[in-house]
Amino acid sequence: MESQDVDVASLFSTCTFVCEPSTTASVANAAKVSSSSTLMIDSFYLDSAGRVQVFLPLRLKFASREELDKVLELGCIHPMPSNWSSSSDNGPPATNASYSVSVEARVKMTFGASEAVMVTVESVSIESSSISDTDETILCLNVRSDLRVVKQGDIVSSVAGVKLNFEVSAILTKVQATR
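Residues numbered from 1 in each chain as written. Predicted model: local features only at pLDDT ≥ 70, side-chain atom pairs only at ≥ 80, totals over all residues. Heavy atoms only, no water.

Draft legend 1. Structural context of the overall build of the chain. Scanning the chain from terminus to terminus reveals three helices and eight strands. Moving toward the C terminus, one meets the helices and strands of the chain in the order α-β-α-β-β-β-α-β-β-β-β. A separation of at least 24 residues holds for 68% of the contacts in the chain among residues at least 6 apart in sequence. By element, 50% of the accessible surface of the chain is carried by carbon and sulfur atoms, the whole surface being about 10200 Å². (Helix = DSSP H or I, 4+ residues; strand = E, 2+ residues; numbered from the N terminus. Contact = heavy atoms within 4.5 Å. Areas by Shrake-Rupley, 256 points an atom, 1.4 Å probe, with all protein chains shown as cover.)

Encoded structure:
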């Protein structure tokens, strides 16, 4: 089991994690990616309670398709890619996976002359995953982030000139077995 731990950690640590604007027209114009992989969004819906729901197009690029398949066969990505099937003789991924992949987000919101706005990340979840149609070494993740926005005790009433900057991280966690 110790050998499997080292293999999983090394597979995951060598993959590249990037934010990438969606190719769909509704999102492509709203998202820009800086060289530091921070996703900047300047078009989003803010409800009357100050909640914002943003979908982040993220990608994990592995060195080879075999490495991606090894990670997927561990069953640590939830939900599993819609366009993937196990190529191993072991069948579908284990449901009692000892690893889990999650996404963490830090958000900075500004408006006007870069005045900071208080933002709380309420949740981050992987809504769907798929293997890229153009590069089979890339796992595409559609991640939803729920935020609450507050400015000096008052809910921001207009999103005109407001910008969201996301810093995201993919985290591989070893899950402890429960008895």
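Draft legend 2. How the structure looks around the nonpolar core. Among the nonpolar cores identified, the biggest contains 41 residues, and Val54, Leu58, Leu164, Phe166 and Val168 are the most heavily contacted of them. Counting residues per element, this core draws most heavily on strand S5 (residues 99-111), at six residues. (Core = buried A, V, L, I, M, F, W, Y, C linked by side-chain atoms within 4.5 Å. Buried < 20%, exposed > 50% of the residue type's maximum accessible area, 1.4 Å probe, protein only.)

Draft legend 3. Summary view of the pairing of strand S4 (residues 51-61). Bridge analysis of strand S1 (residues 16-19) against S4 gives four bridges, and the strand direction is antiparallel. Across the sheet, residue Thr16 finds its bridge partner in S4, namely Lys61. As paired strands, S4 and strand S7 (residues 138-150) are joined by eleven bridges and run antiparallel to one another. Looking at the pairing, Leu60 lines up with Leu139 of S7. (Pairing = 2+ DSSP bridges.)

Draft legend 4. Fine view of the pattern of salt bridges. Under the criterion given, the structure shown has eight salt bridges. Between Glu136 and Arg65 there is a salt bridge; the shortest N-O distance is 3.8 Å. A residue pair is termed long-range when its members are at least 10 positions apart, and Glu136 in the loop between strand S6 (115-131) and S7 and Arg65 in helix H3 (residues 65-73) qualify at 71 residues. For Glu136, a relative accessible area of 47% gives the class partly exposed. Asp146 is paired through a salt bridge with Arg144; the nearest N and O atoms lie 3.2 Å apart. Given a relative accessible area of 15%, Asp146 falls into the buried group. For Arg144, a relative accessible area of 23% corresponds to the partly exposed category. One network of salt bridges, in which partners are shared, links Arg51, Glu122 and Arg148. (Salt bridge = Lys/Arg side-chain N within 4 Å of Asp/Glu carboxyl O.)

Draft legend 5. How the structure looks around H3. The complete set of buried residues in H3 reads Arg65, Glu67, Leu68, Asp69, Val71 and Leu72. Remark: Gly75 follows H3 within two positions and exhibits a positive phi of approximately 75 degrees.

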